[in-house]
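Below are the chains, spelled out letter by letter.
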Amino acid sequence: MAPRRMESKPVILCLKTVLLLYSFVFWVTGVVLLSVGLWWKFMLGPYMLLISNSPSNGPYVLIGTGVAIVLFGLFGCFATCKGRPWMLKLYAVFLALVFMMELIAGISGFIFRHEIKGTFLMTYNEAVMSYDGLDDRSLAVDGIQRRLRCCGVQNYTSWFNSVHFPASGIPASCCISLSDCSFADLKNSTLAARKVHKQGCYELVTSFIERNMGIVAGITFGIAFSQLIGLSLACCLSRLIHANQYEMV
């Protein structure tokens, strides 16, 4: 049995090295997801009010998944270094759970992208109609119009039916140039047409979703299926170590 044990040692060492490297990469993906979740929560929070009528759980899901992956990644490194079969099996279970979570998230995001577009149309239109320039949704509208250089829902004429237009005209966030965009111009529908952006924000946002949803789903699926590599490595290493320990007895 001694020669077989000697032969298996290099294989075990090789598998440990690969699994340790994989666990580190796995840990890094957790840090990335955690960072994206925090960025979403604190930087994109106001804009999410225009996509959903209720607060989004998306950032909390990303933060929770990121924290879980960070902890599992550390456990994977510890289990690999220790070389305990039961630890490696437990790590494989963790990877299987993460795989299922990411797979479901990727499929859900891809399937419901059209629903997101419909919800955005409704909530953004409501935000424009009830715009007052002060509440969170109004500030989010201003932010989108400035960043994307767009105006209104379908186009700048969307503002003509809003409660804001009779008293204050089109918001200044629609202006092509603030220095050439007076309060009087924004209250005059004829003059405003030459001073504000013509394209509506809905088309820009939804085209962005269409262009990037496939990329996001592909990345999500890629990360998800990479868990199968780690799962296979952990199971193989566990069986090999177990068999080697059995031969020693």
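Above this text is the structure in question.
Calculation rules
- Residues numbered from 1 in each chain as written.
- Predicted model: local features only at pLDDT ≥ 70, side-chain atom pairs only at ≥ 80, totals over all residues.
- Heavy atoms only, no water.
- Helix = DSSP H or I, 4+ residues; strand = E, 2+ residues; numbered from the N terminus.
- Buried < 20%, exposed > 50% of the residue type's maximum accessible area, 1.4 Å probe, protein only.
- Contact = heavy atoms within 4.5 Å.
- Areas by Shrake-Rupley, 256 points an atom, 1.4 Å probe, with all protein chains shown as cover.
- Expected span 1.5 Å × (residues − 1).
- Core = buried A, V, L, I, M, F, W, Y, C linked by side-chain atoms within 4.5 Å.
- Disulfide = S-S within 2.5 Å.
- Phe/Tyr/Trp six-rings, centres within 6.5 Å; stacked < 30°, edge-to-face > 60°.

Trainee: Mind showing me how you'd approach the overall build of the protein chain here?
Mentor: Regarding its fold elements, the protein chain presents ten helices and zero strands. Along the protein chain, from the amino end to the carboxyl end, the secondary structure elements read α-α-α-α-α-α-α-α-α-α. Taken across its 249 residues, the protein chain has 38% of its residues classed as buried. Contacts spanning at least 24 positions in sequence make up 72% of the contacts within the protein chain whose residues lie at least 6 apart. As displayed, the protein chain offers around 13,800 Å² of accessible surface, 70% of which is attributable to carbon and sulfur atoms.

Trainee: How do you make sense of helix H6 (residues 136-148) when you look at a structure like this?
Mentor: Residues three or four positions apart in an α-helix share a direction because the helix packs 3.6 residues into each turn. Between its first and last C-alpha, H6 extends 18 Å over 13 residues, near the 18 Å set by a 1.5 Å rise per residue. Ser138, Ala140, Val141, Asp142, Gly143, Ile144 and Gln145 are the residues of H6 that are buried. After H6 finishes, the residue Arg149 shows a positive phi value of roughly 55 degrees.

Trainee: Would you take a moment to explain the nonpolar core for this structure?
Mentor: Note that soluble globular proteins tend to have their nonpolar side chains buried in a common cluster. Among the nonpolar cores identified, the biggest contains 27 residues, and Leu50, Tyr124, Val141, Cys151, Trp159, Ile170 and Val196 are the most heavily contacted of them. Every element with two or more residues in this core is listed here: helix H5 (113-129), H6, helix H9 (189-195) and helix H10 (201-248). Among all residues touching Val141, those that are not within four sequence positions of it are Leu50, Tyr124, Ala127, Tyr131 and Trp159.

Trainee: Explanation requested: the state of the cysteines in the structure shown.
Mentor: This structure, assessed with the given rule, holds three disulfides. Between the sulfur of Cys151 and that of Cys174 lies a disulfide, 2.2 Å long from S to S. When the S-S torsion is 95 degrees, as for the bridge of Cys151 with Cys174, the disulfide is right-handed. Of the two residues, Cys151 sits in the loop between H6 and helix H7 (165-168) while Cys174 sits in the loop between H7 and helix H8 (183-187), which places them 23 residues apart along the sequence. The class for Cys151 is buried, based on a relative accessible area of 0%. On the basis of relative accessibility, which here comes to 0%, the residue Cys174 falls in the buried class. Paired through a disulfide, Cys175 and Cys181 show a sulfur-sulfur distance of 2.0 Å. Because the torsion about its S-S bond is -65 degrees, the bridge between Cys175 and Cys181 counts as left-handed. A residue is classified by how much of its surface remains accessible, and Cys175, at 8% relative accessible area, is buried. Residue classification places Cys181 among the buried positions, given a relative accessible area of 11%.

Trainee: What is the right way to look at the packing of aromatic side chains in this model?
Mentor: Think of a pair of aromatic rings as described by two things: how far the centres are apart, and how the planes are tilted against each other in angle. In total, this model carries ten aromatic pairs according to the counting rule given. Their ring planes at 10 degrees and their centres at 6.1 Å tell us that Tyr22 and Phe26 sit as a pair that is stacked. Here the residue Tyr22 and the residue Phe26 both occupy positions in helix H1 (residues 2-43), the gap between them amounting to four residues, near one helical turn. Its relative accessible area of 12% is what places Tyr22 among the buried residues. Residues Phe120 and Tyr124 carry aromatic rings whose centres are separated by 5.2 Å and whose planes lie at 25 degrees to one another, so their mutual orientation is stacked. Of this pair, Phe120 and Tyr124 both sit in helix H5, four residues apart, which is roughly one turn of the helix. Given the relative accessible area of 1%, Phe120 is considered buried. Given the relative accessible area of 0%, Tyr124 is considered buried. An aromatic cluster is present here, built from Tyr22, Phe26 and Tyr91 joined pairwise through their rings.

Trainee: What is the right way to read the environment of Leu38 from this model?
Mentor: Note that Leu38 resides in helix H1. Overall, the relative accessible area of 37% leaves Leu38 in the partly exposed class.

Trainee: Looking at this model, I keep getting lost on the environment of Leu15. Mind explaining?
Mentor: Here Leu15 is to be found in helix H1. Classification of Leu15 as buried rests on a relative accessible area of 18%. Taking the C-alpha atoms as reference, Leu15 lies 8.5 Å from Ala234; in sequence the two are 219 residues apart. Those residues in contact with Leu15, other than ones at most four positions away along the chain, are Leu233, Cys236, Leu237 and Leu240.

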